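Topology and contacts: notes
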Amino acid sequence: MAGAPGAGGGPKDAGWGPLALPLMLPTWAVIGIFLALPVLLMAVYSFLTREFRGGVEWQFSLAAYDQFFVTRGLFGDEPPSLEWTYILIFWRSLWQAALATGLCLLIGFPTAWFIATRSPRSRTVWLFLVTIPYWVNLLIRTVSLKFLIRDNGPLNEFLMGIGLTSGPLPLVNTNLAVQLGLFYSYLPFMVLPIYAAVERYNFALSEAAADLYAGRWRILWEITLPVVRPGIVAGCLLVFIPSLGAFLAPDLLGGAKNFMIGSLIDEQFKGSQGNWPFGAAVSVILMTLVMLALLIYARAQGRGRA
Amino acid sequence: MKRFGIALLPLLASPAFGEGELKVYHWFEYMPQELVDKFQAETGITVTIDTYDSNEAMLASLKAGKLGQYDVAVPGDYMVQIMAEEGLLDSFSPADLPNFGNIAPQWLDVPFDPGRKSSIPYQWGSTAFAVNRDVYQGDINTLAILFDPPDELKGRINVLDSQGEVLALGSIYLGIPQCSQDRAQLKALMDMLLAAKPHWASFGSDTAKDVLVSGDAAAGMIYNGFAAKARAEGANVEYAYPKEGFVVWMDNAVLLKDAPNRDNALKFLNFLLEPENAAAVTNYAAYTAGVTGVEPFLAEEIRTSPETNPPADAPAGSFVAVCDEATQKLYDAIWTNLKK
């Protein structure tokens, strides 16, 4: 990835001549300072010794990873066995992010399809409407959602008003509320890339398939979806990855009763009992998992094309 | 870093009006501007205030190099002890502060600074819980409201998302000492908390007041000043002083090590011990001063507020204790177990 701009520049490089290298410097500086350096720092910290009440001692230690994977009981004197606590927290976050991604795809794909098949003029209006809520800060939107769905909020008043429920539907502090929050937060990240892909889709392909007696579903599965797949994949990644680390929605809408990956990491840095190496190690493990998933996907993608 | 220091030196030295300067590192919105103006008018000292929003943030910033730039800070009780252990505090003698004798006797020999060598009381309050009286009318002066709640409150309780306060109240409920290393006691504490958790609706500190006002929670662990504000905003809540005990906390003005304006800092500490000035902070923050003789200067609603006036039969509160590293590890594990 990092080498792409230089390599892709090929023939145009000639015009820039000796300036090419200095002109690349800002790019490398940005990648170095904002990407490589923080990640490196995080990786290094995860292998250092914890300083009580925040901070690190510059002494190599595997204690953080040991804490993640191995348990010796509450008092540390039982025979070591696999620690399930943090794996369970990861599993909960993964499951939640997967669910949110599925939900966004289910609603986002038809939405994107609908917008992309309007006239160019109304497309602009629809896209504009999709982005409006995102002019408002995420925290404020999440709190507003909480106001809407709380026991004596408008949604429950409405449901009771039309006689659909006799008492308030408990929504706040449930997983359903968390899902709703994630879905609402990240839906446009699903809609926009799919829209971009569908907009470029050549509908003559569908017509050709129909002329050859393919049914509607067959056209969707065998012609349309493979063509717009990059948009769908991009959308899924853009929803899945931030959902995995989210802690605003779980904390505010879910009641913060259980750690998510995001709140677990947060706790290691902010508390007086802070454990920086462990927070860094959890981050490194999370990043490794995400990178592995991306690598597997990239390889599968490459094979599909060959 | 060093070069910056030299460049800034003339800047720091120049605006020396009258009696010089004072640099205070303080919580946000915790001191009325009129009181700062009053100090400046009385002494001719120019006061600069920087703010922080948590004890931990203040500690981290001082440890990261801000020590030597501030004269006074206002840490909470346990943080005074931590800062002393980390060598961040300077000490004074009672003779340095003419108003030293105004410190209320019960706050003179506090566990986090025995004999008050580096700190003076700023404001104090308690952490227990408040109950919505429309929902539950029974006796609320017991910690069982949180840890073994009556049916009306089950599933409608908010607890602070703060390890120190939850585990301290839990220990008080079970009658075991804080920072215990006794296995049976710690096991009992963990089992009790795990059994209580299904009755709790949420963990939240910043939201502790809002959930009571909105009705999302019918009972909630909360600071007394916060409960008073919830009541002022229309929630029919009553703050409890549980019979088993409760948590007290105290913010303290401390003299920092390497203070650039040590003499002015002492004048400021002395100024804060003047009853009229301590009362001004209380009227502003709705907690309680640690100074005797403030009553004549208090606003009526503050003086008679039920949240700051425990009933005569209420037990004494306890500070959250500072555990050593090995013990703290056990409490961290219990907290993680509770929230996993």
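Residues numbered from 1 in each chain as written. Chains lettered and ligands numbered in written order. Predicted model: local features only at pLDDT ≥ 70, side-chain atom pairs only at ≥ 80, totals over all residues. Heavy atoms only, no water.

**A closer look at the pattern of salt bridges**
Applying the stated rule across the entire model yields 16 salt bridges over all chains. Its salt-bridge partner being glutamate 51 of chain A, residue lysine 63 of chain B comes within 3.6 Å of it at the nearest N-O pair. Here the residue lysine 63 of chain B occupies a position in helix H3 (residues 55-66), and glutamate 51 of chain A occupies one in the loop between strand S1 (48-50) and strand S2 (56-60), the pair thus bridging two chains. When its relative accessible area of 32% is taken as the criterion, lysine 63 of chain B is described as partly exposed. In this structure glutamate 51 of chain A comes out as partly exposed when scored by relative accessible area, which is 24%. For the salt bridge of arginine 133 of chain B with glutamate 238 of chain B, the shortest nitrogen-to-oxygen distance reads 2.9 Å. In this pair, arginine 133 of chain B is assigned in the loop between strand S4 (119-132) and helix H5 (144-147) and glutamate 238 of chain B in strand S8 (residues 237-240), connecting sequence segments 105 residues apart. In this structure glutamate 238 of chain B comes out as partly exposed when scored by relative accessible area, which is 35%. Through salt bridges with shared partners, one network takes in Glu51 of chain A together with Lys63 and Glu86 of chain B. (Salt bridge = Lys/Arg side-chain N within 4 Å of Asp/Glu carboxyl O. Helix = DSSP H or I, 4+ residues; strand = E, 2+ residues; numbered from the N terminus. Buried < 20%, exposed > 50% of the residue type's maximum accessible area, 1.4 Å probe, protein only.)

**Section: the confidence of the model for chain B**
Residue and element names in this part refer to chain B. When the pLDDT values of chain B are averaged, the result is 90; 95% of them are 70 or greater. At the level of individual helices and strands, chain B shows its lowest average pLDDT in helix H1 (residues 2-13), which scores 40, and its highest in strand S3 (residues 72-73), which scores 97. Considering only residues more than four positions removed or in separate chains, one finds that residues 1-17, a stretch of pLDDT under 50, has five contacts. (pLDDT = per-residue confidence, 0-100. Contact = heavy atoms within 4.5 Å.)

**Quick look at the state of the cysteines**
Residues and elements named next belong to chain B. This model, assessed by the stated rule, comprises one disulfide over all chains. Cysteine 179 shares a disulfide with cysteine 323; S-S distance 2.0 Å. When the S-S torsion is -90 degrees, as for the bridge of cysteine 179 with cysteine 323, the disulfide is left-handed. With cysteine 179 in the loop between helix H6 (163-174) and helix H7 (183-196) and cysteine 323 in the loop between helix H12 (300-303) and helix H13 (325-339), this pair connects stretches of sequence that are 144 residues apart. (Disulfide = S-S within 2.5 Å.)

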